[in-house]
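Observations on chain architecture
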Amino acid sequence: MARPMTMAEKILAGHAVTGHGAIGDGGLDEVVPGQLVECDLDGVLANDITAPIAIKTVREIGAGVWDKDKVFLVPDHYAPNKDIKSAEQTKVTRDFAHEMGISHYFEQGCMGIEHALLPERGIVVPGDLIIGADSHTCTYGGIGAFSTGVGSTDAGVGMATGRAWFKVPETIRFEIDGKLPEGASAKDVILYVIGQVGVDGALYCAMEFAGSTIEGLSVEGRLTIANMAIEAGGKAGLFEVDDVARKWLEGRAERPWTECHSDAGAQYKQVIKIDAADIVPTVSWPHLPSNTHPVAESRHITVDQAVIGSCTNGRIEDMRAAADVLRGRSVADGVRCIVIPATQGVWLQCVHEGLMDVFIDAHCVVSTPTCGPCLGGYMGILAAGERCVSSTNRNFVGRMGDPTSEVYLASPAVAAASAVAGHIALPSDLD
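Residues numbered from 1 in each chain as written. Predicted model: local features only at pLDDT ≥ 70, side-chain atom pairs only at ≥ 80, totals over all residues. Heavy atoms only, no water.

- If you look the protein up in an unreviewed UniProt entry, it shows as 3-isopropylmalate dehydratase large subunit from Olsenella uli.
- According to the UniProt record, the Sequence similarities (unreviewed entry) comment for the protein reads "Belongs to the aconitase/IPM isomerase family. LeuC type 2 subfamily."
- Its UniProt record gives the protein a comment under Function (unreviewed entry), which states: "Catalyzes the isomerization between 2-isopropylmalate and 3-isopropylmalate, via the formation of 2-isopropylmaleate." (UniProt positions renumbered as here; feature names shortened; annotations may be inferred.)

This is how it looks when you write it as structure tokens:
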């Protein structure tokens, strides 16, 4: 009988290659942390920055892509192209996609930020093993997939062969129970966790989230938490599939899925229990996501810009939260508020729900879907000494512009309230 296993171990065991047979012929009864396994993949992702390097690797191998339906190419970082170099990178990606007949290539006008787009379209499903040439590929753990970021060369090998090597990670289980305080959201949950364990507290570990608080979160909230697992050093962030996830997946998933649930008796590196009552609206001060402080202790910090969007918080739930704060209000003089729906689908839903009217009436800039300012690309670069409160995922030195600028990470509601107040604020501060 196989030993009790965690979600992460089960997914890797199920995808492990046991010999030299065809892809899909693998599978082990069990794996253990530290074990090296070669696994069959369900998908390989790259974007306009990382795809050209991966494509070079594919061409060096000389095999083309192993499955045109399991390679996902999403130009989102500098798209629509901001300059000649980004246009050239996107052209390499586009030409390769057309040459190889890639079915999941998303041209501008049909695209979105990759980690919001693939779950929204049902391209990634529970039980999948996904690698992506982007560190926030761990997002898909929010729907029960094992997904992780890799280098572009590894992604290229995956595109060509359909396989990748993994060291089975240990798992840290976070059991969060109780009701979140007023104003606290999924973003505050993950900021709190990162603040507790540090940016390397889960280094090369799977982070498994459970408890009554987690069960009460929407799928969008779970994706937000999984997205930032990497900010604690995590290899993956994982949530078990429940009725909430099943309902979200119905009519969305491209194909049948496999649910993996951790066994009773599974061995964890650590089990961390958290009382949801301790999680208050939170801000990460520069220059690490772990430098967390309550919003209530951050009101003295003035801001020049607010960004609402990204693969972390650009879904419709996030747009609604921001609009609820901005409705009937205006962005403060001297502050820029940039709203970036994460996908064309979210953008259109904002139109249908009247959220675009709210944003424009509040004097926000509304962008087409793009990573843009999150990585200091465009659509919101900071000048020397400027401060931005942002619903993105990183606040490293120079992350959004000049090295002397500062980024404060927060939820969409706090970012919106701060844009109105001109300083970091809670929505309740505006009443």
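1. Let's talk about the overall build of the protein
- Assigned secondary structure in the protein consists of 14 helices and 18 strands.
- Over its C-alpha atoms, taken along the principal directions, the protein stretches across nearly 65 × 50 × 40 Å.
- Counting only residues that meet the buried cut, the protein has 58% of its 431 residues in that class.
- Of the contacts made within the protein by residues no fewer than 6 positions apart, 75% connect residues no fewer than 24 positions apart.
- Between the mean site of the 33 positive side-chain charges and the mean site of the 55 negative ones, the protein shows a separation of 2 Å. (Helix = DSSP H or I, 4+ residues; strand = E, 2+ residues; numbered from the N terminus. Buried < 20%, exposed > 50% of the residue type's maximum accessible area, 1.4 Å probe, protein only. Contact = heavy atoms within 4.5 Å. Lys, Arg positive; Asp, Glu negative; His and termini not counted. Charge placed at Lys NZ, Arg CZ, Asp CG, Glu CD.)

2. Observations regarding helix H14 (residues 412-421)
- Among the 10 residues of H14, 9 are classified as buried, and the element is accordingly described as predominantly covered.
- All of the buried residues along H14 are Pro412, Ala413, Val414, Ala415, Ala416, Ala417, Ser418, Ala419 and Val420.
- Where H14 terminates, the next one or two residues include Gly422, which has phi positive at roughly 85 degrees.

3. Quick look at empty space enclosed by the protein
- Applying the stated rule across the entire model yields 1 cavity of 30 Å³ or more.
- Considered as a void within the structure, the largest cavity measures approximately 30 Å³ in volume.
- Around the largest cavity, the lining residues are Val307, Gly309, Ser310, Ile340, Thr370, Cys371, Pro373, Cys374 and Thr392.
- Residue classes in the lining of the largest cavity are distributed as 5 nonpolar, 4 polar and no charged. (1 Å grid on protein atoms, 1.4 Å probe; cavity = no way out; pocket = protein on both sides within 12 Å on 5 of 7 lines; lining within 4 Å. Points joined across faces, edges and corners; volume = space filled by probe spheres on them. Nonpolar A, V, L, I, M, F, W, Y, C, P; charged D, E, K, R; others polar.)

4. Thoughts on the pattern of salt bridges
- Tallied over the full model, the rule gives 22 salt bridges.
- When the shortest N-O distance is used, the salt bridge between Asp69 and Lys68 registers 3.4 Å.
- Under the relative-accessibility criterion, Asp69 is labelled partly exposed at 35%.
- Accessibility expressed as a relative area gives 41% for Lys68, which makes it partly exposed.
- Residue Glu231 pairs with Arg394 through a salt bridge whose shortest N-O separation is 2.9 Å. Here Glu231, found in the loop between helix H8 (219-227) and strand E10 (236-239), pairs with Arg394, found in the loop between strand E17 (387-390) and strand E18 (406-409); they are 163 residues apart in sequence, far enough to count as distant.
- By relative accessible area, Arg394 is classed as buried at 14%.
- Beyond isolated ion pairs, a larger network of salt bridges with shared partners links Arg173, Glu175, Glu208 and Lys273. (Salt bridge = Lys/Arg side-chain N within 4 Å of Asp/Glu carboxyl O.)

5. Considering the UniProt feature "binding site: [4Fe-4S] cluster" (unreviewed entry) in the protein
- In this numbering, the UniProt entry assigns the feature "binding site: [4Fe-4S] cluster" (unreviewed entry) to Cys311, Cys371 and Cys374. In terms of the greatest pairwise C-alpha distance, the residues named above, spread along 64 residues, form a tight cluster of at most 9.3 Å across. Filtering the just-named annotated residues for those lining the largest cavity gives Cys371 and Cys374.
- Turning to its location among the elements, Cys311 is positioned in helix H10 (residues 310-313).
- Judged by its relative accessible area of 8%, Cys311 falls in the buried class.
- Contact partners of Cys311, with chain neighbours within four places excluded, come to Ile113, His115, His136, Asn227 and Asn393.
- Along the chain, Cys374 falls in the loop between strand E16 (365-366) and E17.
- Owing to a relative accessible area of 8%, Cys374 belongs among the buried residues under this scheme.
- Look past the residues within four positions of Cys374 in its chain and what remains in contact with it is Thr392, Asn393, Arg399 and Met400.

6. With respect to the layout of surface pockets
- Its boundaries defined by the atoms lining it, the largest pocket holds a volume of some 430 Å³.
- Lining the largest pocket are 23 residues, with Gly183, Ala184, Ser185, Ala186 and Ala321 sitting closest to its centre.
- Those elements that place two or more of their residues in the lining of the largest pocket are helix H6 (186-197), H8, helix H11 (316-326) and H14.
- A total of 5 residues in the lining of the largest pocket trace back to one element, the largest contributor, which is H11.
- Among the residues forming the lining of the largest pocket, the class breakdown is 11 nonpolar, 7 polar and 5 charged.

7. Brief notes about the packing of helix H2 (residues 51-61) against helix H3 (residues 84-100)
- Between H2 and H3, the least distance of the axes is 9 Å, while the angle of their chain directions is 45 degrees. On the basis of their axis angle, the class for H2 and H3 is oblique. For the crossing formed where H2 meets H3, the hand is left-handed. On the side of H2, the interface is formed by Ala51, Pro52, Ile55, Val58 and Arg59, while H3 contributes Gln89, Val92, Thr93, Phe96, Glu99 and Met100. (Axes fitted to C-alpha atoms, helices over the stretch in contact; angles between N-to-C directions. Parallel < 35°, antiparallel > 145°, perpendicular 65-115°, else oblique. Left-handed = near helix turned anticlockwise from the far one by under 90°.)

8. What about the domain arrangement of the protein?
- Domain assignment breaks the protein into domain 1 (1-280) and domain 2 (282-429).
- In this structure, domain 1 and domain 2 have C-alpha centres spaced 25 Å apart.
- Between domain 1 and domain 2 the total buried area reaches about 2,900 Å² when both faces are included, carbon and sulfur atoms providing 60% of it.
- For domain 1, the biggest contributors to the area lost against domain 2 are Ile113, Lys187 and Leu191; these three give 21% of the whole.
- Linking domain 1 to domain 2 there are 1 salt bridge.
- If you look at where domain 1 meets domain 2, you find 22 residue pairs in polar contact (both at pLDDT 80 or more). (Domains from an automatic or database assignment. Buried area = accessible area lost by both parts, 1.4 Å probe. Polar contact = N/O pair within 3.5 Å; in protein donor to acceptor, adjacent residues only side chain to side chain.)

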